[in-house]
Amino acid sequence: LLERLILVWKMNCFDCSVGDIAGAALYFLASLMSHSCLPNAMWHADANNNFVLRARRRIETGEEVTITYLDEHDLLGHAAFRREVLLRTKD
């Protein structure tokens, strides 16, 4: 059971690293959001480690809100590179 819970946490956590200090957080509703390489929303953690979600563009009624699981630099890579980063970070 513990191994399964750790796997669920790993697959749903968000990187909150600061400089050389590694960190991760699990935000309940955000962990249910879908990934897109062309997301319509972006997120960041504020000074109190609250999950802050902002639209990158107008989101139509009924449209799914998506975020990227990649950092902004990795989003600039080609599709095969982005796929490899996603697989590597969630292995």
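What comes next concerns the included structure. Source: prediction; values computed, not measured. (Residues numbered from 1 in each chain as written. Predicted model: local features only at pLDDT ≥ 70, side-chain atom pairs only at ≥ 80, totals over all residues. Heavy atoms only, no water.)

1. Considerations on the side chain of asparagine 40
One can find asparagine 40 in the loop between strand E3 (34-35) and strand E4 (41-45). Looking at asparagine 40, its side chain comes within polar contact range of the side chain of glutamate 63, at 3.2 Å. Engagement of the side chain of asparagine 40 in a polar contact is seen with the backbone oxygen of glutamate 64, the distance being 2.9 Å. Apart from the residues within four sequence positions on either side, asparagine 40 is in contact with Ala55, Arg56, Arg57, Ile59, Glu63, Glu64, Val65 and Thr66. (Helix = DSSP H or I, 4+ residues; strand = E, 2+ residues; numbered from the N terminus. Polar contact = N/O pair within 3.5 Å; in protein donor to acceptor, adjacent residues only side chain to side chain. Contact = heavy atoms within 4.5 Å.)

2. Focus: the pattern of salt bridges
Counted under the stated rule, the structure contains four salt bridges. In this structure, arginine 88 engages glutamate 84 in a salt bridge whose closest nitrogen and oxygen atoms are separated by 2.6 Å. With arginine 88 and glutamate 84 both in helix H3 (residues 79-89), this residue pair falls four residues apart, about one helical turn. A residue is classified by how much of its surface remains accessible, and arginine 88, at 46% relative accessible area, is partly exposed. (Salt bridge = Lys/Arg side-chain N within 4 Å of Asp/Glu carboxyl O. Buried < 20%, exposed > 50% of the residue type's maximum accessible area, 1.4 Å probe, protein only.)

3. Section: the packing of aromatic side chains
Taken as a whole and judged by the stated rule, the model has three aromatic pairs. For the ring pair tryptophan 43 and phenylalanine 51, a centre distance of 5.2 Å and an interplane angle of 10° mean the geometry is stacked. (Phe/Tyr/Trp six-rings, centres within 6.5 Å; stacked < 30°, edge-to-face > 60°.)

4. Quick word on the state of the cysteines
One pass over the full model with this rule turns up zero disulfides. Note on cysteine 37: no disulfide assigned, nearest cysteine sulfur contributed by cysteine 13 at a separation of 18 Å. (Disulfide = S-S within 2.5 Å.)

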